[in-house]
Amino acid sequence: MKPQASLSLDLDNQWSYLKIHGDPEWESYPSYLDIVVPRVLAMLRALETRITVFVVGADAARPENHESIAALAAAGHTLGNHSFHHEPWVAHAEEALVYDELARAHDAIAAATGIEPRGFRGPGFATSPALLDTLVRLGYHYDASRLPTFIGPLARWYYFRSARLSPEERALRRDLFGSWRDVLQRNGSHRITTRYGSLVEIPVTTMPGARVPIHFSYLHYLDRISPQVAERYFATALRLCALTRTRPSLLLHPLDFLGGEDVPSLRFFPGMDLHASEKLAITERYVRMLADRFTIITMEEHACA
Ligand SMILES: [Zn+2]
């Protein structure tokens, strides 16, 4: 029997990319969901796979997106909460503000689809005690906001090397910027406890040991350099996941399904110089590699298993 891997899609919309880029066109909330969603559904149907789609509340609240978002639910995919405004500050805000932001997105997704999300991924791979407390208060089963890499502990090592600290001070700061132990143990899913109860943390899986990214946008980037190197890289990552008994949780983005001709205003993004047919072929090749080696499951199934 094949081991399991969960797969998700962060449904970041055209306006959120324009906003990051400082393009005022974002304020009219331009949407490409009517182009992206049919392509996502067609690929997943061909692979007989169900995944989890993290939906931005501001999109669920706009009637022009209802058909696309409802189609995902109707095809059997599960929906997660990706915050209302898709602002990275959400992890660092006060609990009352975090609650408003998440509850508003939850209600918008439920109103558009009839489905109550049970999981969350924050924009910007950041989390906080206030965020995790809020998720438990909302009755969520899992958080998927972390991308575990070596960057935090490396920053601490540099700080220890350059700062004059007594052994006691060093001991107090042993987990500053995240601990090596956490990085080593927490590439896979694990249960965490908050003030209000517990939930499952499902990090976006990185290469076991090396902790470099292996999600699909990164594979696209490597594939442009060399398809052979990218395929070997991904195959190695998946083999290491199996060897270390890490159940992978990987991540797709809408730009993995779009070409430059679809959204001319996003041509400045890496990989958007390609035609949609080329992008789709690359995405499908790597999703098939995952499906050949693992049984693909939703995030909810991952949280329960
Ligand atoms: Zn996002």
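To start, this report covers the structure provided alongside it.

Definitions and limits used
Residues numbered from 1 in each chain as written. Predicted model: local features only at pLDDT ≥ 70, side-chain atom pairs only at ≥ 80, totals over all residues. Heavy atoms only, no water. Helix = DSSP H or I, 4+ residues; strand = E, 2+ residues; numbered from the N terminus. Expected span 1.5 Å × (residues − 1). Buried < 20%, exposed > 50% of the residue type's maximum accessible area, 1.4 Å probe, protein only. Arc of directions from axis to C-beta. Contact = heavy atoms within 4.5 Å. Pairing = 2+ DSSP bridges. Phe/Tyr/Trp six-rings, centres within 6.5 Å; stacked < 30°, edge-to-face > 60°. Lys NZ or Arg CZ within 6 Å of the ring centre and 35° of its normal.

Between its first and last C-alpha, helix 2 (residues 33–46) extends 20 Å over 14 residues, near the 20 Å set by a 1.5 Å rise per residue. Along helix 2, the residues classified as buried are Leu 33, Val 36, Val 37, Val 40, Leu 41, Met 43 and Leu 44. Each buried residue of helix 2 lies within a common arc of 165° when the element is viewed along its axis, so the set occupies one face. Residues of helix 2 that are exposed and angled more than 90 degrees away from the buried face: Asp 34, Arg 45 and Ala 46. Buried residues belonging to helix 2 abut strand 1 (4–10), helix 3 (57–60), helix 4 (66–74) and helix 12 (276–293).

Our next topic: the pairing of strand 3 (residues 78–81). The side chains of a regular strand alternate between the sheet's two faces. A two-sided burial pattern is seen for strand 3, the buried positions comprising Thr 78 and Gly 80 on one face and Leu 79 and Asn 81 on the other. In the sheet, strand 2 (residues 52–55) pairs with strand 3 via four bridges, with the strands oriented parallel. When the bridges of strand 3 are listed, Val 55 appears paired with Asn 81.

Here the focus is the packing of aromatic side chains. Tallied over the full model, the rule gives ten aromatic pairs. Measuring from ring centre to ring centre gives 5.7 Å for Trp 26 and Tyr 29, while their planes differ by 75°; the resulting arrangement is edge-to-face. Like Tyr 29, Trp 26 is buried. Pairing Phe 54 with Tyr 142 gives two aromatic rings, centres 6.4 Å apart and planes at 75°, and the pair type is edge-to-face. With a gap of 88 residues between them, Phe 54 in strand 2 and Tyr 142 in strand 5 (residues 142–143) connect regions that are remote in the sequence. Here Phe 54 and Tyr 142 have matching classes, each one buried. Three or more aromatic residues link up through ring pairs in this structure, and these residues are Trp 15, Trp 26 and Tyr 29. Across from the ring centre of Trp 26, 4.4 Å away, lies the NZ or CZ of Lys 19, which sits over that ring.

What is shown is where atoms sit, not what they do.
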